[in-house]
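Structural description and commentary
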Amino acid sequence: MIHFEEQLNHLINEALHEDIGSGDYSTLACIPEQAMGTAVLKIKDEGILAGVAIAQHIFKLVEPSVSFKIYKNDGEAMLPGDIAFEVNAHIHTILKCERLVLNCMQRMSGIATLTHSFVERIKPYHTQLLDTRKTTPNFRLLEKEAVRIGGGTNHRFGLFDMIMLKDNHIDYAGGIEKAIALAWEYVQKNELNLKIEVEARTLNDVTKICKVAKGKVFRILLDNFTPAEISEALNIIQRQFETEASGGINLNNIFSYAETGVDYVSVGGLIHQAKSVDLSLKAKLL
């Protein structure tokens, strides 16, 4: 189970330690320790804003008494010239947190913006958009949060919250039927509250799964199927299982997959192909 705030605090503390080390000497050298200041988050790109709540959490973790005024919320459309928030705190706090806040918000807003573009393409359809585990090490928590803010749906967080039998699991286990049987036996024996998803690489795999997986598997992953093959697979499955399409899905073809009626499409590019947006944290002088 993911405890979001606990994981977030760990991420923030480790990131600040990495950046500050033995001291923020640039600030220590020229700013009095008790000096107070105000800064604003300026937006320079168009897109979907993400990470405001995270920025607030970062500042308040470092200085609980900080004053944080939000002008634009996570998930809102943003335009160049907009102000996302204003923070009033000790200047040492503002300068310690500045780069971490910007790194998080620029990355998260880029992911949310790209995710929103995908979601808009499939809005008329039943299909939902999923992310994947193709994430930046130690930053998955916020990358998946950005997908959610952009309108996508989070897939499993890691290897511990779902059993997902992919090609290598199946090949190492000795085939689809054996992999499913072993996974189901393992879940029952260990009394684990874990759902099982299994990957199909061919229509023949789909047929095999349908014969042996009823009541054991909840979703079939149709990997690298064309939209036409997805339609054939759905005819075989007949809604006995949830369905997910993955592999080679992009902004230009996602609607073709959604048109088939598949329940989910998963797109790794939501995260690893997203472009960070331009934001800046600027001192507000009275």
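Residues numbered from 1 in each chain as written. Predicted model: local features only at pLDDT ≥ 70, side-chain atom pairs only at ≥ 80, totals over all residues. Heavy atoms only, no water.

1. Focus on the pattern of salt bridges
What counts here: Salt bridge, as applied in this entry: a Lys or Arg side-chain nitrogen positioned within 4 Å of an Asp or Glu carboxyl oxygen. Starting at the N terminus, helices and strands are each numbered in turn, a helix being any DSSP run of H or I of at least four residues and a strand any DSSP run of E of at least two.
One pass over the full model with this rule turns up 12 salt bridges. Here D171 and R201 are joined by a salt bridge, their closest N and O atoms 2.9 Å apart. Taken together, the residues D171 in helix α6 (residues 167-173) and R201 in the loop between β8 (196-200) and α8 (203-212) connect sequence positions 30 residues apart. A salt bridge links R239 to D263; its shortest N-O distance comes to 3.9 Å. Within this pair, whereas R239 is found in the loop between α9 (227-237) and β10 (242-246), its partner D263 is found in the loop between α10 (254-258) and β11 (264-266), the two being separated by 24 residues in sequence.

2. Section: the sheet that holds β8
Here is the rule we go by: Strands qualify as paired when DSSP identifies two bridges or more between them. To get an axis, a line is fitted to the C-alpha atoms, and for a helix only the part in contact is used. The angle between two axes follows their N-to-C directions and goes from 0 to 180 degrees. Only heavy atoms enter the contact rule, under which two residues are in contact if any of them lie within 4.5 Å.
Across the sheet, 6 strands lie side by side as β6-β11-β10-β9-β8-β7; this open sheet has parallel pairing. The strands lining the two open edges of the sheet, one partner per strand, are β6 (128-130) and β7 (163-165). Taking each pair of neighbouring strands and ignoring which way they run, the sheet shows an average axis angle of 25°. In terms of strand pairing, strand β9 (residues 219-223) meets β10 through 5 bridges, oriented parallel. When the sheet's bridge partners are listed, I220 is paired in β10 with T243. Its contacts with the sheet place α8 against β8 and β9, and it is angled at close to 150° to β8.

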